[in-house]
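What follows is each chain in one-letter form.
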Amino acid sequence: MRRLHRWGDSWEFQLVRKPLEDGLARVGGDEFTVLLEDVRNPSDAIRVAQRMQSKLALPFDIRGQQIVITASIGVASSGTSYSMAEELLRDAEIAMYRAKRAGKARCEVFDPTMHSTAVGRLKLETDLRRGLENGELIAYYQPIISLITGNITGFEALSRWRRPEGIVPPAEFIPVADETGLIQPINRLMMREACHQLRTWQSQFRCDPPLTMSVNVSPRQFADPELSNEIWLVLKETGVSPSTLNLEITETIAMSDADRALFVLSEIKALGVCLSVDDFGTGYSSLSRLPRFPVDALKIDRVFISDMSTNRGNHEIVRLIINLAHNIGLKVVAEGTEKEDQINELRRLGCEMAQGFLYSPPVSAEAAFGLLMRNYEGSFAT
Ligand code: C2E
Ligand code: MG
Ligand code: MG
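This report concerns the structure included in the present document. (Residues numbered from 1 in each chain as written. Chains lettered and ligands numbered in written order. Predicted model: local features only at pLDDT ≥ 70, side-chain atom pairs only at ≥ 80, totals over all residues. Heavy atoms only, no water.)

A look at the packing of helix α5 (residues 183-204) against helix α13 (residues 365-376)
- One way to put it is that α5 packs onto α13 with a least axis distance of 12 Å and a crossing angle of 25 degrees. Between α5 and α13, the crossing angle belongs to the class labelled roughly parallel. Considering only the axes of α5 and α13, their crossing is right-handed. Where α5 approaches α13, its residues Gln197, Trp201 and Gln204 are matched on the opposing element by Ala365, Ala368, Phe369 and Leu372. (Axes fitted to C-alpha atoms, helices over the stretch in contact; angles between N-to-C directions. Helix = DSSP H or I, 4+ residues; strand = E, 2+ residues; numbered from the N terminus. Parallel < 35°, antiparallel > 145°, perpendicular 65-115°, else oblique. Left-handed = near helix turned anticlockwise from the far one by under 90°. Contact = heavy atoms within 4.5 Å.)

Written as structure tokens, this is what we have:
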């Protein structure tokens, strides 16, 4: 039922609910709330959610374009523990965010542990924001080794959060950073710090070819139209030669929207920067598109390398990736090499580079300098 109300000098319509009538409201942006009356148990609400999802799954025709949308749904049931409507809405929202994180088009029912998890995430986000301002986000460096010469060819910069209680690995904060958008300032910082560091090492160690630096690009960063401009500014500021900077993009980022990805990669490539496909083999790849992408190298994911000596299937995948890469003119880096026999086999298969704990885990800039000294002492310039 619609009713006309007077607010000050203006009139507006208000949706008025009759008792025991379900209601739908737009909370803001792309969020909607559905109020179901007289629900006896959560499975009734789940059934309604599933009906909504199946209706939404049908394509909408908008000016001749077929649009498909999905919805993540969170369910919370009112109970005696709630005294305010806001509390019920808050819990439905927490469950909805859980559904979003678990993948698209899902439905989750709120349970009280979600509340403590959400509070924990909020605290992590606040701490991370403060940590970023206080300079607690730092770069660690893992060497990448040439399997032809045995020398360090360059490093991959990997972020670490230096907290008073110890070093936090990226798996514990990158997902929160990605969700909240904090990943963008983190990545900007990483790129700038890594390029400054590279410039210093390049002037200290006159290697031929010069040392390189690999930096990871997150999906959010890849979607930012300012990305290539930012890279250009960092290169200008640090004086690093573009061909010695290498950006790592996962195959899922590269392949999910192929036309846009091709445009962005070409824009970055036009700066003279190198590009690698990270964690190759674990994501979703369209092999027919790969030759069109302006990438320079594939990084074979650790899952294939770890047991390639004992698992014939994975050995075959590694051999196939190396052959595929070479046939389309790309180099190959093997990730997660921990054993000598893996290195021998990779060398036999023609893999050019390796990165793994056998050589060194990611280390601080000072420790990485020590690795360079051990490798290139003769060419160290003071
Ligand atoms: P990645 O880019 O594939 O980096 C390689 C990861 O494998 C690193 O984990 C490294 O420590 C680990 N690793 C290397 N060799 C070995 C090995 O021999 N054995 C084992 N068990 N692990 C090995 P890390 O540093 O924890 O980073 C994990 C992921 O987090 C990275 O995977 C990358 O996707 C992401 N990441 C790290 N730093 C950043 C960053 O600054 N920005 C973005 N966007 N992502 C980052
Ligand atoms: Mg990487
Ligand atoms: Mg990787």
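Description of unusual backbone geometry
- Here the residue pair Asp208 and Pro209 is connected by a cis peptide bond, since its omega of 0 degrees sits within 30 degrees of zero.
- Tracing the sequence through the fold places Pro209 in the loop between α5 and β12 (212-216).
- Positive phi, normally seen in glycine, also occurs at Asp38, with a value near 60 degrees.
- Its location among the elements puts Asp38 in the loop between β4 (31-35) and α1 (42-56).

A look at the coordination of the magnesium ion (ligand 3)
- Looking at the magnesium ion (ligand 3), one finds its protein donor set to be Asp278 (OD), Asp279 (OD), Glu335 (OE) and Glu335 (OE), positioned 2.0 to 2.6 Å from the metal centre.
- For the pair the magnesium ion (ligand 3) and the magnesium ion (ligand 2), the metal-to-metal distance amounts to 4.0 Å, and Asp278 bridges them. Remark: Glu335 occurs in strand β16 (residues 331-335) and Asp278 occurs in strand β14 (residues 274-280); sequence separation between them is 57 residues. Each member of the pair, Asp278 as well as Glu335, carries the same accessibility label: buried. (Donors = N, O, S within 2.8 Å, 3.2 Å for Na, K, Ca; no water. Buried < 20%, exposed > 50% of the residue type's maximum accessible area, 1.4 Å probe, protein only.)

Quick look at the coordination of the magnesium ion (ligand 2)
- The coordination sphere of the magnesium ion (ligand 2), as far as protein atoms go, consists of Glu156 (OE), Asn216 (OD1), Glu248 (OE) and Asp278 (OD), spread over 2.0 to 2.3 Å.
- As a motif over one chain, the donors of the magnesium ion (ligand 2) read E-x59-N-x31-E-x29-D.

Functional significance is not addressed by these values, which are geometric in nature.
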